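Listed here are the chains, written in short residue letters.
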Amino acid sequence: MRRFLLFLLNLIACIACVNEDTFDDTPEGNFEALWQIIDEHYCYLDYKAVDWNEVHQRYSQYIDPKMNKAQLQEVLTDMLSELRDGHVNLYTSADVSRYWAWHEDYPRQWSQELRDHYLGTDYQIAAGIKYRILEDNIGLIVYESFSQAIGEGNLDDVMYTLRSCNGLIVDVRGNTGGQLTMAERLSQRFTNERLLVGYTQYKTGRGHSDFSAPKAEYLEPSKGVRWQKRVVLLQNRECYSACNSFIRNMRECPLVTTLGDTSGGGAGMPFSSELPNGWSVRFSASPSMDVEMQHTEFGIAPDIPCSLDSADVARGRDTLMERARQLLHNPEAS
């Protein structure tokens with residue numbers, strides 16, 4: 001029996017050795033390793049209709065045994081840009097490759113100067129949130145990055161301070177993401193019941209379409225102070241990753257209306273791997289979808305499209321902010 005168990009262990013070890021691909025620390029080896037990592041683990045190749053074999057054929061022509069690290073990084077970065085994904089990064093000791101066209105090719109639909117004008121100088125700060133009551137008794141919450149943590153006690157105080165307002169504007173324009181925990185924590189303040197907000201899948205094999213069955217994601221109501229009045233959420237193309245998930249959650253809350261531009265997307269949960277030379281690559285490995293099981297990788301459209309008007313900007317007015325105030329004072333205006 002013992003010999004049989006040893007035989008099985010050795011057989012499993014041999015199979016593992018055969019199936020595990022290894023690559024040399026050479027320009028070609030690192031290229032092949034990166035290509036294979038994406039081929040087997042990236043979750044949007046089929047969805048984005050990327051012919052990854054064609055990409056391999058095209059970029060392999062630029063690999064030279066004598067190329068230096070900078071030249072190799074340039075080729076690998078260009079290859080990764082074919083994925084059109086802001087969650088895909090190559091980390092080296094000299095630089096971090098990135099793909100920013102998901103927001104650079106679109107109008108921003110917000111201005112820091114205009115935002116500062118509406119916030120004024122007497123706004124309050126609760127950890128990562130800036131907030132105040134506007135002169136027309138509309139509450140304003142600005143959350144610039146979900147990388148800035150905020151506690152349950154902070155949110156209790158924010159909601160309590162704004163309780164007398166006739167409505168609330170939540171401005172997350174320019175928020176490129178951060179911690180999903182923070183996005184969930186804030187969105188939990190806007191529902192009184194458990195809500196289905198979307199689905200997640202996980203890779204189960206090396207094939208481009210090898211995924212688990214969709215797993216439902218729910219938003220649980222906060223045990224703290226919850227907002228009970230109408231909300232307008234301001235969004236733009238720079239709303240990415242955790243902020244994209246926040247928008248996905250908020251659009252299912254019954255009193256929330258989203259306004260602005262389509263968000264930037266970034267719905268895939270990031271995963272990391274390493275190349276033979278020690279460089280690391282981060283990429284999207286688990287796709288997320290909305291309640292209708294539609295991918296949100298390329299962004300989420302607002303309930304009400306709205307763009308900054310140049311004439312408004314010249315007068316120091318934020319078109320989206322003013323439209324939100326109008327909606328909160330006059331719901332029929334939507």
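Look a little higher up for the structure.
Owing to the predicted nature of the structure, the values given are computational and were not obtained by experimental measurement. (Residues numbered from 1 in each chain as written. Predicted model: local features only at pLDDT ≥ 70, side-chain atom pairs only at ≥ 80, totals over all residues. Heavy atoms only, no water.)

Enquirer: Teacher, can you tell me more about the nonpolar core here?
Expert: Looking at soluble globular proteins, one finds that nonpolar side chains tend to be buried together. Core analysis: the biggest nonpolar cluster contains 34 residues, and Ile 129, Ile 141, Phe 146, Val 170, Leu 186, Phe 190 and Phe 246 have the highest contact counts within it. Put simply, the parts of the chain that give this core at least two residues each are β3 (129-133), β4 (138-143), α7 (152-161), β5 (167-171), α8 (180-187), β6 (195-200), β8 (231-235) and α9 (242-250). Counting residues per element, this core draws most heavily on α9, at 5 residues. Non-local contacts of Phe 146, meaning those with residues more than four positions away in its chain, are made with Asn 175, Gly 177, Gly 178, Gln 179, Met 182, Ala 183, Leu 186, Ala 242, Cys 243 and Phe 246. Counting 30 residues, the second-largest nonpolar core is a separate cluster that includes Leu 45, Met 67, Leu 76 and Ala 285. (Core = buried A, V, L, I, M, F, W, Y, C linked by side-chain atoms within 4.5 Å. Buried < 20%, exposed > 50% of the residue type's maximum accessible area, 1.4 Å probe, protein only. Helix = DSSP H or I, 4+ residues; strand = E, 2+ residues; numbered from the N terminus. Contact = heavy atoms within 4.5 Å.)

Enquirer: Could you clarify how one ought to interpret the packing of α8 against α9 in this entry?
Expert: To characterise two packed helices, one gives the angle between the axes of the helices and the distance between these axes. For the pair α8 and α9, interaxial distance at closest approach is 9 Å and the crossing angle is 25°. Classified by the angle their axes make, α8 and α9 are roughly parallel. Along this stretch, α8 crosses α9, giving a crossing that reads as right-handed. Here Leu 180, Ala 183, Glu 184, Leu 186 and Ser 187 of α8 lie close against α9, whose contacting residues are Ala 242, Ser 245, Phe 246, Asn 249 and Met 250. (Axes fitted to C-alpha atoms, helices over the stretch in contact; angles between N-to-C directions. Parallel < 35°, antiparallel > 145°, perpendicular 65-115°, else oblique. Left-handed = near helix turned anticlockwise from the far one by under 90°.)

Enquirer: Help me understand the sheet that holds β8 in this model?
Expert: For sheets, the rule is that strands pair by backbone hydrogen bonds, running either parallel or antiparallel. The strand order across the open sheet formed by 7 strands is β2-β3-β4-β5-β8-β9-β13, and the pairing between neighbours is mixed. The open sheet has two free edges, formed respectively by β2 (124-126) and β13 (304-305), since each of these has just one partner strand. Relative to strand β9 (residues 256-260), β8 is paired through 5 bridges, and the arrangement is parallel. By the bridge assignment, Leu 234 is partnered in β9 with Leu 259. The strands that helix α6 (residues 112-119) touches are β3, β4 and β5; relative to β4, the one it contacts most, it runs at about 135°. (Pairing = 2+ DSSP bridges.)

Enquirer: Teacher, can you tell me more about the pattern of salt bridges here?
Expert: It is possible for side chains of opposite charge to pair when their charged atoms get near one another. For the coordinates displayed, the defined rule picks out 24 salt bridges. Here Glu 152 and Arg 185 are joined by a salt bridge, their closest N and O atoms 3.6 Å apart. Placement of Glu 152 in helix α7 and of Arg 185 in helix α8 is noted, with a sequence separation of 33 residues between them. Judged by relative accessible area, Glu 152 falls into the partly exposed class, the value being 34%. When its relative accessible area of 21% is taken as the criterion, Arg 185 is described as partly exposed. A salt bridge links Glu 152 to Arg 189; the shortest N-O distance between them is 2.6 Å. One end of the pair, Glu 152, is in helix α7; the other, Arg 189, is in the loop between α8 and β6, and 37 residues separate them in sequence. Overall, the relative accessible area of 0% leaves Arg 189 in the buried class. Here the salt bridges share partners, and the residues they tie into one network are Arg 115, Lys 130, Glu 144, Asp 171, Arg 173 and Asp 318. (Salt bridge = Lys/Arg side-chain N within 4 Å of Asp/Glu carboxyl O.)

Enquirer: What should I look at first to understand the sheet that holds strand β1 (residues 89-91) in this one?
Expert: On the basis of which strands lie adjacent, the open sheet formed by 3 strands has the order β1-β11-β10 and antiparallel pairing. Two strands bound the open sheet, and with one partner strand each, they are β1 and β10 (269-274). Going from strand to strand, the sheet's axes swing by 35° on average, the running direction of each strand aside. Taken together, the 3 bridges between β1 and strand β11 (residues 280-286) define a ladder with antiparallel strand orientation. Counted as the bridge partner of Tyr 91 is Ser 280 from β11. Taken strand by strand, helix α2 (residues 27-41) contacts β10 and β11, and its axis lies near 15° from that of β11.

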